[in-house]
Amino acid sequence: MDNIENTFVKNDNVQLEAEYFSSNSDNNTAVLLIHPHPQFPRA
Amino acid sequence: MHNNVVSGIYKALIRENISCLRFNFRAVGRSTGNHTEGSGEASDVRACVDFLLSIKKTKKVLLCGYSYGAAIGCSQVNYSDSIVGFCAISFPFDFMGVEYKKLSQSEKPKLFIQGNRDNIAMYGKFESHFNFFYEPKLSVIIDGADHFYGGYESKIADEVVKFYYSLFE
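Residues numbered from 1 in each chain as written. Chains lettered and ligands numbered in written order. Predicted model: local features only at pLDDT ≥ 70, side-chain atom pairs only at ≥ 80, totals over all residues.

1. Thoughts on the nonpolar core
Phase 1: With 58 residues, the main nonpolar core has Leu32 of chain A together with Ile9 and Cys64 of chain B as its most contacted residues.
Phase 2: What Leu32 of chain A contacts, discounting residues up to four positions off in sequence, is Leu21, Cys48, Val49, Leu52, Val61, Leu63 and Cys64 of chain B. (Core = buried A, V, L, I, M, F, W, Y, C linked by C-beta atoms within 7 Å. Buried ≥ 20, exposed ≤ 12 C-beta atoms within 10 Å, placed from the backbone. Contact = placed C-beta atoms within 7 Å.)

2. Some words on the pairing of strand S4 (residues 110-115) of chain B
Residue and element names in this part refer to chain B.
Phase 1: The element S4 is extensively covered by neighbouring structure, given that 6 of its 6 residues are classed as buried.
Phase 2: Neither face of S4 is left uncovered, since the one carrying Lys110, Phe112 and Gln114 and the one carrying Leu111, Ile113 and Gly115 both have all their residues buried.
Phase 3: Where S4 lies against strand S5 (residues 137-142), 6 bridges are found, and the strand directions are parallel. Looking at S5, one finds that Lys110 is bridged to Lys137.
Phase 4: Handedness of the crossover joining S4 and S5 through helix H6 (residues 126-132) is recorded here as right-handed. (Helix = DSSP H or I, 4+ residues; strand = E, 2+ residues; numbered from the N terminus. Pairing = 2+ DSSP bridges. Right-handed = clockwise from strand over helix to strand, strands pointing away.)

3. Focus: the interface of chain B and chain A
Phase 1: Across the contact, 53 residues belong to chain B and 30 residues belong to chain A.
Phase 2: Among the elements of the structure, helix H1 (4-15), strand S1 (20-23), helix H2 (39-55), strand S2 (60-66), helix H3 (68-74) and helix H7 (153-168) of chain B are those that each provide at least two residues to the side of chain B that touches chain A.
Phase 3: For the side of chain B that touches chain A, the leading source of residues is H2 of chain B, giving 8 residues.
Phase 4: A breakdown of the residues in the side of chain B that touches chain A according to their chemical character gives 29 nonpolar, 16 polar and 8 charged.
Phase 5: Both strand S3 (residues 29-34) of chain A and S1 of chain B contribute to a ladder of 4 bridges, which runs parallel. (Nonpolar A, V, L, I, M, F, W, Y, C, P; charged D, E, K, R; others polar.)

4. Looking at the environment of Gln105 of chain B
All names here are of chain B.
Phase 1: Mapped onto the secondary structure, Gln105 falls in the loop between helix H5 (98-103) and S4.
Phase 2: A residue is classified by how many C-beta atoms lie within 10 Å of it, and Gln105, with 15 of them, is partly exposed.
Phase 3: Setting aside anything within four residues of it in sequence, one finds Gln105 in contact with Phe133 and Tyr134.

5. Examining the pairing of strand S2 (residues 14-21) of chain A
Within a regular strand, side chains alternate between the sheet's two faces.
Phase 1: Note: strand S1 (residues 4-11) of chain A against S2 of chain A, 8 bridges, orientation antiparallel. What sits directly across from Asn6 of chain A, in S2 of chain A, is Glu19 of chain A.
Phase 2: Between S1 of chain A and S2 of chain A, which pair antiparallel in sequence order, lie 2 residues; one of them, Asp12 of chain A, sits at a positive phi of approximately 55°.
Phase 3: As paired elements, S2 of chain A and S1 of chain B share 4 bridges and run antiparallel to each other. Across the sheet, Glu19 of chain A pairs through a bridge with Arg22 of chain B, a residue of S1 of chain B.

6. Structural notes on the environment of Ser139 of chain B
Residues and elements named next belong to chain B.
Phase 1: With respect to the element layout, Ser139 can be found in strand S5.
Phase 2: Residue classification places Ser139 among the partly exposed residues on the basis of 16 C-beta atoms within 10 Å.
Phase 3: Counting along the chain gives 26 residues from Ser139 to Ile113, while the straight-line C-alpha distance between them is 5.8 Å.
Phase 4: Apart from the residues lying within four places of it in its own chain, the contact partners of Ser139 are Phe112, Gln114 and Phe130.

Put into structure tokens, the structure is as follows:
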């Protein structure tokens with residue numbers, strides 16, 4: 001999909017692997033999705 | 001980056017043409033850095049909010065976290081006035097300690113999604129935790145779901161999308 005961008009978010013000296021989907025609706029809103037941690041209990 | 005619950009929401013948001021960002025915490029996947037037991041991970045959430053506001057020129061951000069991501073993510077709800085509220089899926093109140101619950105307190109809109117067979121974010125204690133939070137707030141109980149929501153991904157995604165539209169339409 002053209003409007004999906006694989007990127008990195010910079011946090012001081014840390015680079016966070018990220019994926020951003022850009023809507024063409026121009027309503028200037030976004031949802032930030034926050035994962036569980038792999039070290040947290042898993043199925 | 002490929003958790004079943006988060007991926008289900010991500011795909012639903014794309015179908016609805018809603019901008020969204022997902023990321024790996026530090027030391028996960030191709031993200032650099034080291035795990036920090038929470039403080040660095042909370043700063044990762046703030047960095048992603050800043051990325052949306054500064055780089056992508058987003059004006060309003062809805063946080064949506066699952067499990068550990070709910071505790072860490074929702075604890076940053078008051079970081080910016082541009083954060084309009086949060087969705088918390090299986091917030092592990094008892095597993096993570098009371099600090100994240102207190103930091104997640106807010107007068108902004110809040111949606112809590114909880115499986116009634118979840119024994120990690122324990123369903124039996126959910127109501128008392130939910131009652132702690134100020135209005136406005138909503139809860140959705142997923143009948144039959146444990147902490148991992150296998151088979152319930154689309155139901156969760158539908159609830160998140162519905163909550164998004166309740167805020168932005």
